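Read off the chains here:
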Amino acid sequence: MKDLAIFCLTTIGLCQIIMYGKIFDAIRPKWQMLKCALCTGFWIGATVFAMMSYAGFKLCDDFIVGLFLFGWLSSAINYAYDAVIGDFGLKIDKGNQKR
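I will try to describe carefully the structure that is included in this document.

Reading the values: rules and limits
Residues numbered from 1 in each chain as written. Predicted model: local features only at pLDDT ≥ 70, side-chain atom pairs only at ≥ 80, totals over all residues. Heavy atoms only, no water. Core = buried A, V, L, I, M, F, W, Y, C linked by side-chain atoms within 4.5 Å. Buried < 20%, exposed > 50% of the residue type's maximum accessible area, 1.4 Å probe, protein only. Helix = DSSP H or I, 4+ residues; strand = E, 2+ residues; numbered from the N terminus. Contact = heavy atoms within 4.5 Å. Phe/Tyr/Trp six-rings, centres within 6.5 Å; stacked < 30°, edge-to-face > 60°. Salt bridge = Lys/Arg side-chain N within 4 Å of Asp/Glu carboxyl O. Axes fitted to C-alpha atoms, helices over the stretch in contact; angles between N-to-C directions. Parallel < 35°, antiparallel > 145°, perpendicular 65-115°, else oblique. Left-handed = near helix turned anticlockwise from the far one by under 90°. Nonpolar A, V, L, I, M, F, W, Y, C, P; charged D, E, K, R; others polar. Expected span 1.5 Å × (residues − 1).

1. With respect to the nonpolar core
Right, on to step 1. Formed by 14 residues in total, the largest nonpolar core has its most connected members in Phe 7, Ile 44, Val 48, Phe 49, Met 52, Leu 59 and Phe 70.
Right, on to step 2. When contributions to this core are tallied by element, the ones reaching two or more residues are α1 (2–20) and α2 (37–55).
Right, on to step 3. The contact partners of Phe 7, leaving out residues within four places of it in the chain, are Gly 45, Val 48, Phe 49, Met 52, Leu 59, Phe 70, Leu 73 and Ser 74.

2. Observations regarding the packing of aromatic side chains
Right, on to step 1. Within this structure, the stated rule accounts for five aromatic pairs.
Right, on to step 2. Ring geometry for Phe 42 against Trp 43: centres 5.0 Å apart, planes inclined by 85°, an arrangement best described as edge-to-face.
Right, on to step 3. Summarising the aromatic geometry, the rings of Phe 49 and Phe 63 are spaced 5.6 Å apart at their centres and angled 35° between planes, so their arrangement reads as tilted. One end of the pair, Phe 49, is in helix α2; the other, Phe 63, is in helix α3 (residues 63–84), and 14 residues separate them in sequence.
Right, on to step 4. Take Phe 63: its relative accessible area is 39%, and that puts it in the partly exposed class.
Right, on to step 5. Within the aromatic cluster, the residues linked to one another by ring pairs are Phe 7, Phe 49, Phe 63 and Phe 70.

3. Side note on the pattern of salt bridges
Right, on to step 1. In total, this model carries one salt bridge according to the counting rule given.
Right, on to step 2. Note that Asp 61 is salt-bridged to Lys 58, the shortest N-O span being 3.8 Å.
Right, on to step 3. Using a relative accessible area of 73% as the deciding quantity, one classes Asp 61 as exposed.

4. Structural notes on the side chain of Asp 82
Right, on to step 1. The topology assignment puts Asp 82 in helix α3.
Right, on to step 2. Contacts of Asp 82, omitting those with residues within four sequence positions, involve Gln 16, Met 19, Tyr 20, Ala 37 and Lys 91.

5. Examining the packing of α1 against α3
Right, on to step 1. α3 packs onto α1 with a crossing angle of 60° between their chain directions and a minimal axis gap of 10 Å. When the interaxial angle is binned, α1 and α3 end up oblique. In the crossing of α1 with α3, the sense of the turn from one axis to the other is right-handed. In contact with Leu 4, Phe 7, Cys 8, Thr 11, Ile 12, Cys 15, Gln 16, Met 19 and Tyr 20 of α1, α3 contributes Phe 70, Leu 73, Ser 74, Ile 77, Asn 78, Tyr 81 and Asp 82.
Right, on to step 2. Of the residues in the contact of α1 with α3, the class split is 11 nonpolar, four polar and one charged.

6. Considerations on α2
Right, on to step 1. Compared with the 27 Å implied by 1.5 Å per residue over 19 residues, the 26 Å span of α2 between its first and last C-alpha is a close match.
Right, on to step 2. All of the buried residues along α2 are Ala 37, Thr 40, Gly 41, Phe 42, Ile 44, Gly 45, Ala 46, Val 48, Phe 49 and Met 52.
Right, on to step 3. Structurally, α2 contributes buried residues whose contacts are with α1 and α3.
Right, on to step 4. Positive backbone phi, approximately 105°, marks Gly 56, located one or two places after α2.

Keep in mind these numbers describe shape, not what the thing actually does.
Quick look at the structure:
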């Protein structure tokens, strides 16, 4: 369970840095994938899973299956996180207030 928490927090942090970090401003316009939480989250999840497996963390018995499962998990987590918290903090939708 601790390994899963480490995985989730790592992918959220990396996804936020890549999608919103100033250091990636120069390459982000060239790579549309880096603007999408689903796309970026999937590839970060697969990469982090591979790195954690190499480091000795036991997240899944089958490596190939784990790449996809944890890529999808990371994609979903990062999409949900990005829907709630973005570059400027909490995203609060006040609705359509027509008067």
